[in-house]
Amino acid sequence: MSQFDRMLEGKLYSCEIKDSKREEMNRNKIEFLDKFNSTSYGDYKAREELVRGLFKKVGKNICINKPFHCDYGSNISVGDNFYANFDCIILDVNTVEIGDNVFFAPRVSVYTAGHPIDKDVRNKMLEYGYKVKIGNDVWVGGNTVINPGVTIGDNVVIGSNSVVTKDIPSNCVAAGNPCRVIREITERDKEYWEKQAEDFYNSLD
């Protein structure tokens, strides 16, 4: 089994053993990041085209601000209406699946990469990657870290400065270090925010 296959299967792999697939992915990533982070601030179209040329899957109407950093890029899938603000980091040694209508505030980090707890194994330069999945209609607050193996459900708000170490269920507000469910999102939330939106649109008349 190649180091690339071990990486995607969540097994320990060596970052020092040469692997043609990973080397190609790394070259593509370097070229992508050089171009992406050198674009003019207002050239959203160029950045979107670059993303479509590298990511595994890209939906409609996406926007990623620079600077942006990733391990490979080709293991990242994003749905429709994805937005990532400044300083987003995605370490995609394993797959990162992001649904529709997902918003990242500044400095959100998604990590699939991990290292063994045992020092002797870790010092052999062995590492692993666990998949991360984020559902639909999710807003992730600034400076949040999403750790390897985490699944976040649909209709979730993650508070700023959270460290997400375990799965977060759908339809809730969660925050903290470690991140935990604060409360459910209810019909009362819908009624309140629809009233605010109605007031906004009425102000345009």
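Further up the page is the structure itself.
The rules behind each value
- Residues numbered from 1 in each chain as written.
- Predicted model: local features only at pLDDT ≥ 70, side-chain atom pairs only at ≥ 80, totals over all residues.
- Heavy atoms only, no water.
- 1 Å grid on protein atoms, 1.4 Å probe; cavity = no way out; pocket = protein on both sides within 12 Å on 5 of 7 lines; lining within 4 Å.
- Points joined across faces, edges and corners; volume = space filled by probe spheres on them.
- Helix = DSSP H or I, 4+ residues; strand = E, 2+ residues; numbered from the N terminus.
- Pairing = 2+ DSSP bridges.
- Buried < 20%, exposed > 50% of the residue type's maximum accessible area, 1.4 Å probe, protein only.
- Arc of directions from axis to C-beta.
- Contact = heavy atoms within 4.5 Å.
- Phe/Tyr/Trp six-rings, centres within 6.5 Å; stacked < 30°, edge-to-face > 60°.
- Lys NZ or Arg CZ within 6 Å of the ring centre and 35° of its normal.
- Patch = residues over 30% accessible without salt bridge, like charges linked within 9 Å, V, L, I, M, F, W, Y side chains within 5 Å.
- Areas by Shrake-Rupley, 256 points an atom, 1.4 Å probe, with all protein chains shown as cover.
- Salt bridge = Lys/Arg side-chain N within 4 Å of Asp/Glu carboxyl O.
- Core = buried A, V, L, I, M, F, W, Y, C linked by side-chain atoms within 4.5 Å.
- Expected span 1.5 Å × (residues − 1).
- Polar contact = N/O pair within 3.5 Å; in protein donor to acceptor, adjacent residues only side chain to side chain.

Caption draft 1: The layout of surface pockets, seen in detail. Here the largest pocket is characterised by a volume of approximately 410 Å³. Along the wall of the largest pocket there are 13 residues; nearest its centre are Asp137, Trp139, Asn155, Val156 and Val157. Among the elements of the structure, β14 (138-140), β17 (156-158) and α5 (187-203) are those that each provide at least two residues to the lining of the largest pocket. Contributing to the lining of the second largest pocket are Lys21, Glu24, Met25, Asn28, Glu31, Phe32, Lys35, Leu50, Gly53, Leu54, Tyr72 and Ser74.

Caption draft 2: Summary view of the sheet that holds strand β16 (residues 151-152). Pairing within the open sheet is parallel, and its five strands lie in the order β2-β5-β8-β13-β16. Looking at the sheet topology across the chains shown, the edges are occupied by β2 (57-58) and β16.

Caption draft 3: Spatial organisation of helix α3 (residues 44-54). Within the sequence span of α3, burial applies to Arg47, Val51 and Leu54. What you see down the axis of α3 is that its buried residues fit within an arc of 70°, all on one side. Opposite the buried face of α3, at more than 90 degrees from it, the exposed residues are Lys45, Glu49 and Gly53. Each element contacted by the buried residues of α3 is listed here: α2 (20-36), β2 and β3 (63-64).

Caption draft 4: Region of interest: the packing of aromatic side chains. Enumeration according to the criterion identifies 11 aromatic pairs in this entry. Judged by centre distance (6.4 Å) and plane angle (85°), the rings of Phe32 and Phe68 are edge-to-face. Of this pair, Phe32 sits in helix α2 while Phe68 is found in strand β4 (residues 68-70), placing the two residues 36 residues apart along the sequence. Phe68 shares its class with Phe32; the two are buried. A centroid spacing of 5.0 Å and a plane angle of 70° characterise the contact between Phe200 and Tyr201, whose relative ring orientation is edge-to-face. By relative accessible area, which is 43% here, Phe200 ends up partly exposed. For Tyr201, a relative accessible area of 54% translates into the label exposed. Every member of this aromatic cluster is reached through a ring pair, and the members are Phe32, Phe36, Phe55 and Phe68. Across the ring face of Phe4, the terminal group of Lys21 is positioned such that the distance to the ring centre comes to 5.9 Å.

Caption draft 5: Structural view of a nonpolar patch on the surface. On the surface, a cluster of nonpolar side chains totalling about 300 Å² of accessible area is made up of Tyr41, Tyr44 and Phe86. Mapped onto the fold, Tyr41 is located in the loop between α2 and α3. A relative accessible area of 47% means that Tyr41 is categorised as partly exposed.

Caption draft 6: View of the nonpolar core. Grouped together as the largest cluster of nonpolar side chains are 37 residues, with contacts concentrated most on Phe68 and Phe104. Beyond its immediate sequence surroundings of up to four residues, Phe68 is in contact with Phe32, Leu33, Phe36, Asn37, Phe55, Ile76, Cys88 and Ile90. Membership of the second largest hydrophobic core comes to six residues, among which are Phe4, Tyr13, Tyr72 and Val93.

Caption draft 7: Representation of the environment of Val157. Inspection of the secondary structure puts Val157 in strand β17. For Val157, a relative accessible area of 24% corresponds to the partly exposed category. Through-space distance from the C-alpha of Val157 to that of Asp71 is 26 Å; in sequence the pair is 86 residues apart. Once residues within four sequence positions are removed from consideration, Val157 is found in contact with Trp139, Cys172, Val173, Ala174 and Ile185.

Caption draft 8: Examining α2 more closely. Taking 1.5 Å per residue as the helical rise, α2 with its 17 residues ought to reach 24 Å, and the 24 Å between its terminal C-alpha atoms agrees with that figure. Inspection of α2 places Arg22, Met25, Lys29, Phe32, Leu33 and Phe36 among the buried residues, and these make up the whole buried set. All buried residues of α2 fall inside an arc of 95° around its axis, so they share one side. Exposed residues pointing more than 90 degrees away from the buried face of α2 are listed as Ser20 and Arg27. Buried positions along α2 lie against α1 (3-8), β1 (13-14), α3, β3 and β4. Structurally, the start of α2 carries an N-cap: the backbone nitrogen of Lys21 is 3.0 Å from a side-chain oxygen of Asp19.

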